[in-house]
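Chain residues, written in single-letter form:
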Amino acid sequence: AEVGYRATLFKNLFLDANYYISMYKDFIGYKIGARVGFDPTFTNRVNSVQVYRVATNAVNEVMTQGFSLGLNFYFWKYYAVTGNYTYNYLDRRGSTDPLIPAFNTPVNKYNLGFNGRDMQIHVFNKTIKGIGFNLNYKWIEGYQYEGSPQFTGFVNSYDIVDAQVNYLIEKQKLTLKLGASNLLNNKVYQVYGGPLVGRLAYFSVLV
């Protein structure tokens, strides 16, 4: 089930909110099993181990729920301040089933942004139109990442800054974009067992 509300308030504040809840019967996850061999000539000495990871269904009902809230405030014709927050939660409802759900979703995360569009700047008595920019700060709470047995562990909380400037050449119908994700090159792990992710800069031409 999902419910949402979207509206424009006070002419220049845009609100977008939603909430969801899901109930799963026979939720698919993973379980770990092992076959262990013992050396009969030594008491309890292990001579072989083989570990299995199999997909299976949850014995009990599993519930997920969450909500998101987004706000955009427009001012001075060209500018906007934006923000959004997301909450996601997996509720095993007290189950003792040793299921590994591999939900792999942070409970809390948010974005804060500042952007402008269709701006004009004056340089040497000349007016340049079609300038835009976007600056965004993103924070993601740490969470338990459950992949394969060797790639299961905790992903620490991290934050990154994205930035972009763009220029519209109206006569040629071209938009030039120059930007970078993770502008400050804050190298972070976004998947347990994955590589450190740093800055990605780009330039694009849109016709």
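Residues numbered from 1 in each chain as written. Predicted model: local features only at pLDDT ≥ 70, side-chain atom pairs only at ≥ 80, totals over all residues. Heavy atoms only, no water.

1. Structural notes on the side chain of Thr-86
Tracing the backbone through its elements, the reader meets Thr-86 in strand β6 (residues 79-91). If we skip the residues at most four places from it in the chain, Thr-86 touches Phe-67, Ser-68, Val-107, Asn-108 and Lys-109. (Helix = DSSP H or I, 4+ residues; strand = E, 2+ residues; numbered from the N terminus. Contact = heavy atoms within 4.5 Å.)

2. Considerations on the nonpolar core
Formed by Phe-27, Ala-58, Val-62, Leu-90 and Leu-99, the largest nonpolar core amounts to 5 residues. Leu-99 has contacts with Phe-27, Gly-29, Tyr-30, Lys-31, Thr-56, Asn-57, Ala-58 and Arg-92, leaving out every residue within four places of it along the chain. (Core = buried A, V, L, I, M, F, W, Y, C linked by side-chain atoms within 4.5 Å. Buried < 20%, exposed > 50% of the residue type's maximum accessible area, 1.4 Å probe, protein only.)

3. Focus: a nonpolar patch on the surface
A cluster of nonpolar side chains, Ile-32, Val-36, Phe-38, Val-46, Val-49 and Val-51, forms an exposed patch at the surface whose accessible area comes to about 530 Å². Of all the elements in the fold, those that place two or more residues in the nonpolar patch are β3 (28-39) and β4 (45-57). With respect to the helices, strands and loops of the structure, Val-49 is situated in strand β4. (Patch = residues over 30% accessible without salt bridge, like charges linked within 9 Å, V, L, I, M, F, W, Y side chains within 5 Å. Areas by Shrake-Rupley, 256 points an atom, 1.4 Å probe, with all protein chains shown as cover. Salt bridge = Lys/Arg side-chain N within 4 Å of Asp/Glu carboxyl O.)

4. A word on the sheet that holds strand β15 (residues 200-206)
If you trace the 9 strands from one edge of the open sheet to the other, you get β1-β2-β5-β6-β7-β8-β11-β12-β15, paired in antiparallel fashion. The two strands at the open ends of the sheet, each matched to only one other strand, are β1 (2-9) and β15. Going across the sheet, the axis of each strand differs from the next one's by a mean of 10 degrees, ignoring polarity. Relative to β15, strand β12 (residues 174-181) runs antiparallel, the two being bridged by 7 bridges. When the bridges of β15 are listed, Leu-178 appears paired with Phe-203. (Pairing = 2+ DSSP bridges. Axes fitted to C-alpha atoms, helices over the stretch in contact; angles between N-to-C directions.)

5. Regarding unusual backbone geometry
For Ala-102, which is not a glycine, the phi torsion comes out positive at approximately 55 degrees. Examined against the element boundaries, Ala-102 turns out to sit in the loop between β6 and β7 (108-123). Even without glycine at this site, Asn-182 takes up a positive phi of about 55 degrees. Residue Asn-182 is classed as buried on the basis of its relative accessible area, which comes to 4%.

6. Here's the deal with the environment of Phe-73
Position of Phe-73 relative to the elements: it lies in strand β5 (residues 62-75). As a C-alpha pair, Phe-73 and Lys-11 span 62 residues in sequence and 9.5 Å in three-dimensional space. Apart from the residues within four sequence positions on either side, Phe-73 is in contact with Asn-12, Leu-13, Tyr-79, Ala-80 and Val-81.

7. Side note on the pattern of salt bridges
Under the definition given, this model contains 4 salt bridges. Here Arg-6 ties to Asp-16 by a salt bridge, and the two come within 3.3 Å at their closest N and O atoms. Here the residue Arg-6 occupies a position in strand β1, and Asp-16 occupies one in strand β2 (residues 13-24), the gap between them amounting to 10 residues. Looking at Arg-6, the relative accessible area reads 59%, which means it is exposed. Between Glu-61 and Arg-93 there is a salt bridge; the shortest N-O distance is 2.6 Å. Residue Glu-61 is located in the loop between β4 and β5, and its partner Arg-93 is located in the loop between β6 and β7; the two are separated by 32 residues in the primary sequence. Arg-93 gets classed as partly exposed once you look at its relative accessible area, which sits at 46%.

8. Some words on the pairing of β12
When strand β11 (residues 158-169) meets β12, the two strands line up antiparallel, connected through 7 bridges. Note on β12: the bridge partner recorded for Gln-164 is Gly-179. Joining the antiparallel neighbours β11 and β12 is a turn of 4 residues, in which Lys-173 adopts a positive phi near 55 degrees.

The quantities given are spatial measurements derived from coordinates; they are silent on function.
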